[in-house]
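Architecture at a glance
The primary structure of each chain is shown beneath.
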Amino acid sequence: MATPKKMAPRDNGAPDHKVNLHPLMAKNYGKWKYHEIPKPGVLKHVAENGDAIFTVRAGSPRTMSVDTVRKVCDIADKYCQGHLRFTSRANIEFLCGNEKDVEPLIAEINKVLGFPVGGTGNTLSNILHTQGWMHCNLPGTDAAGSVKALMDDLYNEFVKEDLPYRVKLSTSCCTINCGGQADIAINVQHHHPPRINHQGVPICELPKVVAICPVAAIRPTNVDGKGSLEVVEEKCMYCGACHGQCPSMEIRDAQTDTLTIWVGGKNSSTRKGPAFMKLAVWGLPNNPPRWPEVSAAVRKIINAYKAGGRPYERIGEWIDRIGWKKFFEVTGFPFTKYHIDDFKLARTTLNTSTHVRL
Amino acid sequence: MSDKNKKTEIKTPLLDELKTGPWPSFVNDLKKLSERKPAVGELLGQLEQSYEDNWNYWQGTVLNVDGYGGGVIARYSELAGKFPNIAQFHTIRIIPPAGWVYSTKKLRELCDIWDKHGAGIMQMHGMTGDALLLGTDNKTTFDAAEELMEAGWDLGGSGAAMRTLSCCVGQARCEMACFDTMGVTKFLTDTFISQLHRPELPYKYKFKLSGCANDCAASMQRSDMPVIGTWRGPMQIDQEEVAKFIDKHGLDYTVNNVITRCPTQCMQLKGKSIEVDNGNCVHCMHCINVMNKALAPGKDRGATILIGGKRTLKIGDTMSSVLVPFMKLETPEDWRKLTALVERIWEFWGENGLEHERIGEFIERVGLGTLLENIGLEPNVEMVAHPRSNPYIKFEELAPGRMGGEPEEAPTVVNKETEGFEKA
Ligand code: SF4
Ligand code: SF4
Ligand code: SF4
Ligand code: SF4
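Residues numbered from 1 in each chain as written. Chains lettered and ligands numbered in written order. Predicted model: local features only at pLDDT ≥ 70, side-chain atom pairs only at ≥ 80, totals over all residues. Heavy atoms only, no water.

1. Description of the overall build of chain A
Looking only at helices and strands, chain A features 11 helices and 14 strands. Summarising its shape, the C-alpha atoms of chain A cover approximately 75 × 75 × 35 Å along the three principal directions. The proportion of buried residues among the 358 residues of chain A is 58%. Looking at chain A alone, contacts between residues at least 24 apart form 63% of all its contacts between residues at least 6 apart. For chain A, the computed accessible surface area is about 14800 Å², with 54% contributed by carbon and sulfur atoms. In chain A, 45 positive and 35 negative side-chain charges are present, and the distance between their average locations comes to 3 Å. (Helix = DSSP H or I, 4+ residues; strand = E, 2+ residues; numbered from the N terminus. Buried < 20%, exposed > 50% of the residue type's maximum accessible area, 1.4 Å probe, protein only. Contact = heavy atoms within 4.5 Å. Areas by Shrake-Rupley, 256 points an atom, 1.4 Å probe, with all protein chains shown as cover. Lys, Arg positive; Asp, Glu negative; His and termini not counted. Charge placed at Lys NZ, Arg CZ, Asp CG, Glu CD.)

Here is the structure:
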């Protein structure tokens, strides 16, 4: 039976955040004074008038069934006056008005949901991730699964606060890098130019495909009397942008795609300004279901940072202080010609001083 | 049509390895859901196939709800023969409440609608900031969208449009916040809702709003227009609390972790008090983070508006850069100044941007100076890290007189080179 179509643009806009705020948040909006971290995973925000709200941060797998989300709601109803929030890194923050509820709340989160409490202060964040094989049309690897595997391995760094400073992680399942900048990021690399399906290409908007290539490697050509595209192999650096534009430019390769790890990215302007992340190690096998080689490499970086980082130094700041020579020494990753940039602005990344660590 | 209620036994030995371990497992959760939603079982079946083959089996196309040019991420399975219930398996993007704060009432409403019309999978939240609801077909997408909109929700952005905004928790629960991130987020969303729903820009345009330089909304490298809270004038210092901090943590700790980490060295320790050269403070937030009881942002607050950040696709990463060093964002009039600025940028970029050209790439092509002239902003020294170091400049004020009076000459350099070449 067809549904009668009532739809027209409603343009409702953003939901009213005010009706969603915890009463203490609404009451003290703009009047918070300071905060403390009573224990890992718990924040206490104190308002000018002495009101305090407790936040219990739980790691979530991001992908959840409605049944699980309802359980989350049950807990928030019981201890949080019916309010909660999510963080940009897919944690759930239970907002709690009464200090005495904090411990029972934590116990229930652990028991009923099986979610860990942590991720505040000098801990590892939940890994920011993308859609992967579960729902994107472009991925070279999985996101939800690789993140679950990694977080199993890094669990203690999430629940304990004993890193020099906070560490944010992300994964991206193709070179488009929806995962974004992070202290440690895991990204897919392709290693061949796209394989072109000349039957399928004409369906795509060819000028758009040509235009999207960052190195102008794509040009129109004629195949069997029909318009198609070709790729200049020497120019192509396997970014996969054309695959996003036209599925018939197949860049992924089940046998040869590998993973790379990047370090030292940061968004905040605290201390030094924001930083891009830099290549640490490449060529790690794309190895589901647990990607053990990736976990091992991430672990090496975290251990080295834990041993050598100073308080308030993010990974990039730690490396800035000790130098890249030392970074490669303490992690044991080889420095190779691929660590030297050869894309646009590459020379700005070279050492233009005699500052060398010998 | 396939029987949506018929449950087939699907084996997933590889995924089952993700059922164990201390971190919560989406596999366990979705397996349970699959007991009453066959499509979810098939989703796991296809995912298992991906794990086996290191290969992805989704195709992406476009599906639009009437009157909307985006917001639905359409997916068609290439394994529909094997998994008929996920032949169409779309995601609906939903604009979340600013700061991702939910009452359980509203969150349950989302759950109920999604349970009724979709596969019941939620992702809180996607990388753009939308609440993602996974698992509808071509028909149920409309049913779900209809009911969501009846309840006051709205579809998020996709394509060459303004995207769903995201912001930090801001003044709702953070003492650092220098402006009402949630209020401005809602205001921008509602003001530009048409540009969010009906793509008409050269490419996507993302706003992310953070209440201070800590940038919890990760706006610098992830949004075309970061709005980041800051202040003018003196930082607030409670010297009594400073002394308490020093007593508690010691002098070494205070010097090593606060004073010497200031990027502009504008802080000095005087006995047990702190002195700040406020004119040289760059409002980086470090000292305030460490001593948040003793130090606080100044009282004259606003935001820095930046432009042009984005992640890799096409030209590589670009960092945002300062466009307006300080803008008050307190009253609706202040907010309208921001939307007016955005409108001027969109007009110039809309007319001159190439298809698929993000604003940062556009600035790289035409130059920031050109943008400023066309949007009516004066150059400001805070827009640069330092003045230019290359001398290839066309000083417009000085050029015309000379160009008019110059006698035309033969290009001698070319001649010499030609001679030299022929002799050799
Ligand atoms: S990183 Fe690539 S594959 Fe992954 S979600 Fe983004 S576009 Fe899709
Ligand atoms: S993979 Fe990237 S570089 Fe290669 S042809 Fe496609 S768009 Fe161009
Ligand atoms: S960006 Fe600043 S104001 Fe916003 S939540 Fe983070 S610390 Fe608070
Ligand atoms: S906010 Fe940053 S720049 Fe300003 S005094 Fe503190 S550490 Fe220095």
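Following the structure, the description resumes.
2. Topic: the interface of chain A and chain B
Listed per partner, the contact involves 124 residues of chain A and 117 residues of chain B. For the pairing of chain A and chain B, the buried interface totals around 10400 Å² over both sides, and the portion due to carbon and sulfur atoms is 58%. The interface formed by chain A and chain B includes 11 salt bridges. Close ionic contact of A:Asp77 with B:Arg108 constitutes a salt bridge, the shortest N to O distance being 2.5 Å. Residues that form the side of chain A that touches chain B fall into these classes: 55 nonpolar, 41 polar and 28 charged. One ladder, built from three bridges, connects strand β4 (residues 63-65) of chain A with strand β5 (residues 121-124) of chain B; its direction is antiparallel. (Buried area = accessible area lost by both parts, 1.4 Å probe. Salt bridge = Lys/Arg side-chain N within 4 Å of Asp/Glu carboxyl O. Nonpolar A, V, L, I, M, F, W, Y, C, P; charged D, E, K, R; others polar. Pairing = 2+ DSSP bridges.)

3. Things to note about the pattern of salt bridges
Across all of its chains, the model carries 50 salt bridges over all chains by this definition. Here A:Asp11 and B:Arg198 are joined by a salt bridge, their closest N and O atoms 2.6 Å apart. Residue A:Asp11 is located in the segment before α1 (17-20), and its partner B:Arg198 is located in the loop between α7 (193-197) and β8 (207-210); the two belong to separate chains. Residue A:Glu157 is joined to A:Arg299 by a salt bridge in which the shortest nitrogen-to-oxygen separation is 3.2 Å. Here the residue A:Glu157 occupies a position in helix α6 (residues 144-159), and A:Arg299 occupies one in helix α9 (residues 292-308), the gap between them amounting to 142 residues. Given a relative accessible area of 4%, A:Glu157 falls into the buried group. The exposure class assigned to A:Arg299 is partly exposed, which follows from its relative accessible area of 23%.

4. Let's talk about the packing of α9(A) against helix α11 (residues 324-331) of chain A
All names here are of chain A. The geometry of α9 relative to α11 is characterised by a closest axis approach of 9 Å and an angle of 115° between their N-to-C directions. Read as a crossing pair, α9 and α11 show a hand that is right-handed. Where α9 abuts α11, its residues Lys300, Ile301 and Ala304 lie against Phe327, Val330 and Thr331. Partitioning the contact of α9 with α11 into residue classes produces four nonpolar, one polar and one charged. (Axes fitted to C-alpha atoms, helices over the stretch in contact; angles between N-to-C directions. Left-handed = near helix turned anticlockwise from the far one by under 90°.)

5. Things to note about the site of ligand 2
Near ligand 2 lie 14 residues; those nearest to it are A:Cys213, A:Cys236, A:Cys239, A:Gly240 and A:Cys242. Here the shell around ligand 2 is composed, by residue class, of 13 nonpolar, one polar and no charged. (Near = heavy atom within 4 Å.)

6. Here's the deal with the site of ligand 4
The environment of ligand 4 is formed by B:Met235, B:Cys262, B:Pro263, B:Thr264, B:Cys266, B:Met267, B:Cys281, B:Val282, B:His283, B:Cys284, B:Met285 and B:Cys287. Each residue belonging to the shell around ligand 4 can be placed in one class, and the counts come to 10 nonpolar, two polar and no charged.

7. Focus: the sheet that holds strand β3 (residues 90-94) of chain B
One open sheet holds the six strands; their spatial order is β4(A)-β5(B)-β6(B)-β3(B)-β2(B)-β1(B), and the pairing between them is antiparallel. The outermost strands of the open sheet, each flanked by one partner alone, are β4 of chain A together with β1 (58-62) of chain B. Averaged over all neighbouring strand pairs, the angle between strand axes comes to 30°, with direction disregarded. Contacting β4 of chain A together with β5 of chain B, helix α3 (residues 66-79) of chain A crosses the sheet at an angle of about 85° to β4(A). Of the strands in this sheet, β2 (72-77), β3 and β6 (131-136) of chain B touch helix α5 (residues 140-150) of chain B, which is tilted by about 15° from β3(B).

8. Digging into the nonpolar core
In summary, soluble globular proteins display a tendency toward joint burial of nonpolar side chains. Counting residues in hydrophobic clusters, the biggest one holds 88 residues, and the most contacted among them are A:Ile261, A:Val298 and B:Met267. Dropping the residues within four chain positions of it, A:Ile261 is found in contact with A:Ile184, A:Ala185, A:Ile186, A:Lys278, A:Leu279, A:Ala280, A:Val281, A:Leu284, A:Val294, A:Ala297, A:Val298 and A:Ile301. Counting residues in each nonpolar core, the second largest holds 74 residues, with A:Val201, A:Cys204, B:Val227 and B:Ile345 among its members. (Core = buried A, V, L, I, M, F, W, Y, C linked by side-chain atoms within 4.5 Å.)

9. With respect to the sheet that holds strand β14 (residues 278-285) of chain A
Residue and element names in this part refer to chain A. What the four strands build is an open sheet, ordered β7-β8-β13-β14; its pairing is mixed. The sheet is open, and its two borders are formed by β7 (169-172) and β14, each paired with just one other strand. Across the sheet, the mean angle separating the axes of adjacent strands is 20° when strand polarity is ignored. Contacts from α11 reach β13 (258-263) and β14 within the one sheet, and its direction differs from that of β14 by about 30°.

10. Here's the deal with helix α3 (residues 38-53) of chain B
Residues and elements named next belong to chain B. For α3, which comprises 16 residues, the first-to-last C-alpha distance of 23 Å matches the rise-based estimate of 22 Å (1.5 Å per residue) to within 8%. The buried fraction of α3 is high, at 14 of 16 residues. Following α3 by one or two positions, Asn54 adopts a phi angle in the positive range, close to 50°. (Expected span 1.5 Å × (residues − 1).)

11. Considerations on the pairing of strand β9 (residues 225-232) of chain B
Residue and element names in this part refer to chain B. Extensive coverage of β9 is indicated by the burial of seven of its eight residues. Alignment of β8 against β9, held across four bridges, turns out to be parallel. For Phe207, the partnering residue across the bridge sits in β9 and is Met225. Note that β9 and strand β14 (residues 300-307) share six bridges and pair antiparallel. Considered in β14, the bridge of Ile228 is made with Thr304.

12. Focus: the packing of α9(A) against helix α10 (residues 315-322) of chain A
All names here are of chain A. Running from N to C, α9 and α10 point in directions that differ by 65°, and their axes come no closer than 11 Å. Put simply, α9 runs roughly perpendicular to α10. Regarding α9 and α10, the two cross each other, and that crossing is left-handed. Side by side, α9 and α10 meet where Ile301, Ala304, Tyr305 and Gly308 of the first sit next to Ile315, Trp318 and Arg321 of the second. Residue composition of the contact of α9 with α10, by class: five nonpolar, one polar and one charged. (Parallel < 35°, antiparallel > 145°, perpendicular 65-115°, else oblique.)

13. Re unusual backbone geometry
For the peptide bond that leads from A:Pro288 to A:Pro289, omega is 5°, which places it in the cis range. Looking at the secondary structure, you find A:Pro289 in the loop between β14 and α9. With an omega dihedral of 5°, the bond running from B:Met124 to B:His125 counts as a cis peptide bond. Mapped onto the elements of the fold, B:His125 is located in the loop between β5 and β6.

14. Some points on the confidence of the model for chain B
All names here are of chain B. For chain B, the average pLDDT comes to 92, and 92% of its residues sit at 70 or higher. The model gives residues 415-424 a pLDDT under 50, and that stretch makes zero contacts with residues more than four places away or in other chains. Both scores are available for the predicted complex, with the pTM at 0.93 and the ipTM at 0.94. (pLDDT = per-residue confidence, 0-100.)

15. What to know about the packing of aromatic side chains
One pass over the structure, following the stated rule, counts 23 aromatic pairs over all chains. Between B:Phe192 and B:Trp346, the aromatic rings sit 4.6 Å apart at their centres with planes inclined by 55°, giving tilted as the arrangement. You can see B:Phe192 sitting in the loop between α6 (181-191) and α7 and its partner B:Trp346 sitting in helix α11 (residues 332-352), a full 154 residues away along the chain. Taken as a pair, B:Phe192 and B:Trp346 share a single burial class, namely buried. An aromatic cluster is built from A:Tyr305, A:Trp318, A:Trp324, A:Phe327, A:Phe328 and A:Phe335, whose rings are joined through pairwise contacts. The ring of B:Trp55 has A:Arg252 lying over it, and the distance from NZ or CZ to the ring centre is 4.6 Å. (Phe/Tyr/Trp six-rings, centres within 6.5 Å; stacked < 30°, edge-to-face > 60°. Lys NZ or Arg CZ within 6 Å of the ring centre and 35° of its normal.)

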